[in-house]
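Given next are the chains, with one letter for each unit.
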Amino acid sequence: MSSSAQIGVTGLAVMGRNLARNFARNGYAVALHNRTAARTHALVEEFGSEGDFVATETAKEFVAALERPRRLVIMVKAGEPTDAVIQEFAPLLEPGDMIIDGGNAHFADTRRRERDLREQGIHFVGAGISGGEEGALHGPSIMPGGPVESYDSLGPMLEKISAKAADGAPCVTHVGPDGAGHFVKMVHNGIEYADMQLIGEAYQLLRDVAGYSPAQIADIFRTWNTGRLDSYLIEITAEVLSHVDAATGEPFVDVVQDQAEQKGTGRWTVQIALDLGVPVSGIAEAVFARSLSGHSALREASRGLAGPTASALSESEASAFADQVEQALYASKIVSYTQGFHEISAGSAEYDWNIDLGAVASIWRGGCIIRAAFLDRIRAAYDARADLPSLLSDDTFAQEIGAAQDDWRAVLVAAVQQGVPTPGFAAALAYYDALRAERLPAALTQGQRDFFGAHTYRRTDREGSFHTLWGGDRSEVSG
Ligand code: NBP
């Protein structure tokens, strides 16, 4: 077999198959491999005419089909399968070859794999890929980590197959060393959870407080999609809400079980944020909201709990309320992104990744699930000031959220009065209010900790740590 393929893809389920086709459609010769060879042959049979594919059955054949340095993309189920595939292929590779893991790996696994493979001289690139199967085929947003030198030869190929933002920029950049790419992909997914939860809360408020039908709400989302909320998720929300179930004639959203599933990347975002000490309350609420929705027995047992008497809004009140919900949604969205970017900057500091936050915003502008016009503005904010302490420190975002806050509060008042759960909106507002607060009750918390555990506290008026002799004469001593 001639070593002619510029890239190889192993793992040809929905993502790998579409990624392989994307490379081939862009003129690259692609070697194909899958544990079960039937998938490889099916791909060639169905799509072989799209480009230059080299079908292989064994690991040896696959590796032999690749030009050097070899570029081998793994698109298998994340976790043990990824380790199994690495173990199978690594002994067949040579120094300078590259393994690119495009699955949804945990960044800590990516760090471990990168370290182990580095000892053999193999470049391991953990690359977050977002955009689902359509993105993989037509252009995903790609978040590669790994050794920067691997990007010299890999980067141009990834740039070719990636999505392009409205200004033509490819939605891929070298995010940072070792696990940086998968870390950023993880936070991307956490933000995606938050975006979806906030949209869900807006929908439920428009339905239960304003009294709109799903079709009317779809129209409202379509209108919002022409403004500052312009995004893929708002666009598909309108599509889902306007869809009618063929079997019953009911709105599709009314015939779907209201139990949201999750695969884990949102949960990881929150777990890692806890480890790093970063408050990602909006993302956490989104993860918890999904898990609460799935507790059907608990929900069933709670149906009889008392709630407020709902009162319907008039038509003009409903329309004004919808405008307020748009403000609340936008303000809460700013907070989710603020929290997500905080987590990325904390991860970057912890692991010495030196991640360019503006570049991250830039590569999320196309291809990925959270793509949105809004990301252009985040990029502009970080481009203007790379060391921005938080997105809320950017003048434009600060002004916008300030202008939205009255309506945001009004929406939450209505939600509370009418008993509509809005954990995402509420967490976002609490975060905003906590950040702007002159004083927080943390001072009291410190007093309590010192009282029961002699944990000491610091004073506002002088340096040092102190302890009050709570069980004695309550005099203060140095801690
Ligand atoms: P799956 O996550 O469903 O994985 C199926 C593939 O893994 C098949 O090719 C299967 O081979 C292979 N595989 C398994 Br399972 N165990 C293996 C093992 N021990 N050794 C070798 N191969 C093994 O595929 P997917 O949905 O295409 O996703 C691929 C990756 O991309 C995942 O990490 C996923 O998290 C990530 N991702 C998915 C999406 C999406 O929208 N689906 C988006 C972004 C990222 P077989 O054919 O022999 O069973």
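Residues numbered from 1 in each chain as written. Predicted model: local features only at pLDDT ≥ 70, side-chain atom pairs only at ≥ 80, totals over all residues. Heavy atoms only, no water.

Draft legend 1. Spotlight on the sheet that holds strand β5 (residues 98-101). Read from one edge of the open sheet, seven strands run β3-β2-β1-β4-β5-β6-β7, paired in mixed fashion. Either end of the sheet is taken by a strand with one partner, and the two such strands are β3 (53-55) and β7 (141-144). In this sheet, neighbouring strand axes are inclined to one another by 25° on average, regardless of whether the strands run parallel or antiparallel. Contacting β1 (7-10), β2 (30-33), β4 (71-74), β5 and β6 (123-130), helix α4 (residues 80-89) crosses the sheet at an angle of about 155° to β4. Those strands touched by helix α5 (residues 107-118) are β5 and β6, and its axis lies near 155° from that of β6. (Pairing = 2+ DSSP bridges. Helix = DSSP H or I, 4+ residues; strand = E, 2+ residues; numbered from the N terminus. Axes fitted to C-alpha atoms, helices over the stretch in contact; angles between N-to-C directions. Contact = heavy atoms within 4.5 Å.)

Draft legend 2. Here's a closer look at the site of the ligand. Inspection of the region around the ligand gives 19 residues, with Met15, Asn34, Arg35, Thr36 and Arg39 positioned closest. Note that an oxygen atom of the ligand is positioned 3.0 Å from one of the backbone N or O atoms of Val76. Calculation on the ligand without its partners gives an accessible area of 910 Å², and the protein chains cover 75% of this total. Only α1 (14-25) and α4 provide two or more residues apiece to the shell around the ligand. (Near = heavy atom within 4 Å. Polar contact = N/O pair within 3.5 Å; in protein donor to acceptor, adjacent residues only side chain to side chain. Areas by Shrake-Rupley, 256 points an atom, 1.4 Å probe, with all protein chains shown as cover.)

Draft legend 3. Local environment of the nonpolar core. Ranked by size, the top nonpolar core spans 90 residues in total, and within it Phe221, Trp364, Ile378 and Trp408 carry the most contacts. Mapping this core onto the domain boundaries places at least three of its residues in each of domain 1 (7-174) and domain 2 (185-436). Excluding its chain neighbours within four sequence positions, the residues that come into contact with Phe221 are Ile199, Ala202, Tyr203, Leu206, Ile234, Thr237, Ala238, Leu241 and Leu329. In this structure, Val125, Ala127, Ala136 and Leu154 belong to the second largest nonpolar core, which totals 28 residues. (Core = buried A, V, L, I, M, F, W, Y, C linked by side-chain atoms within 4.5 Å. Buried < 20%, exposed > 50% of the residue type's maximum accessible area, 1.4 Å probe, protein only. Domains from an automatic or database assignment.)

Draft legend 4. Focus on the domain arrangement of the protein. Parsing the protein into structural domains produces domain 1 (7-174), domain 2 (185-436) and domain 3 (441-478). Using only C-alpha atoms to locate each centre, domain 1 and domain 3 end up separated by 56 Å.

Draft legend 5. Inspection of the UniProt feature "active site" (unreviewed entry) in the protein at higher detail. Sequence positions flagged by UniProt for "active site" (unreviewed entry) are, in local numbering, Lys185 and Glu192. In this fold, Lys185 is placed in helix α8 (residues 180-208). Those residues within four positions of Lys185 in sequence are excluded, and the remaining contacts are Asn104, Gly128, Ile129, Ser130 and Met143. Structurally, Glu192 is set in helix α8. In this structure, Glu192 is in contact with Leu233, Ile369 and Ile370, ignoring residues within four places of it in sequence. (UniProt positions renumbered as here; feature names shortened; annotations may be inferred.)

Draft legend 6. Here's a closer look at the layout of surface pockets. The volume enclosed by the second largest pocket comes to roughly 280 Å³. Lining the second largest pocket, in full, are Arg439, Ala442, Ala443, Gln446, Gly447, Tyr457, Arg458, Arg459, Thr460 and Asp461. Secondary structure elements with two or more residues in the lining of the second largest pocket: α20 (442-453) and β8 (457-458). Counting residues per element, the lining of the second largest pocket draws most heavily on α20, which supplies four residues. Of the residues belonging to the lining of the second largest pocket, the class tally is three nonpolar, three polar and four charged. (1 Å grid on protein atoms, 1.4 Å probe; cavity = no way out; pocket = protein on both sides within 12 Å on 5 of 7 lines; lining within 4 Å. Points joined across faces, edges and corners; volume = space filled by probe spheres on them. Nonpolar A, V, L, I, M, F, W, Y, C, P; charged D, E, K, R; others polar.)

Draft legend 7. Representation of the environment of Gln262. Within the secondary structure, Gln262 sits in the loop between α11 (252-255) and α12 (265-276). Distance from Gln262 to Ala403, taken between C-alpha atoms, is 34 Å for residues 141 residues apart in sequence. The residues touching Gln262, leaving out its near neighbours within four places in the chain, are Tyr193, Val287, Arg290 and Ser291.

Draft legend 8. Local environment of α5. Taking 1.5 Å per residue as the helical rise, α5 with its twelve residues ought to reach 16 Å, and the 16 Å between its terminal C-alpha atoms agrees with that figure. Every buried residue belonging to α5 is among Phe107, Thr110, Arg113, Glu114 and Leu117, and all of these are buried. Seen along its axis, α5 keeps its buried residues to an arc of 115°; they face one direction. Next to the buried residues of α5 lie α4, β5, β6, α8, α12 and α15 (315-351). (Expected span 1.5 Å × (residues − 1). Arc of directions from axis to C-beta.)

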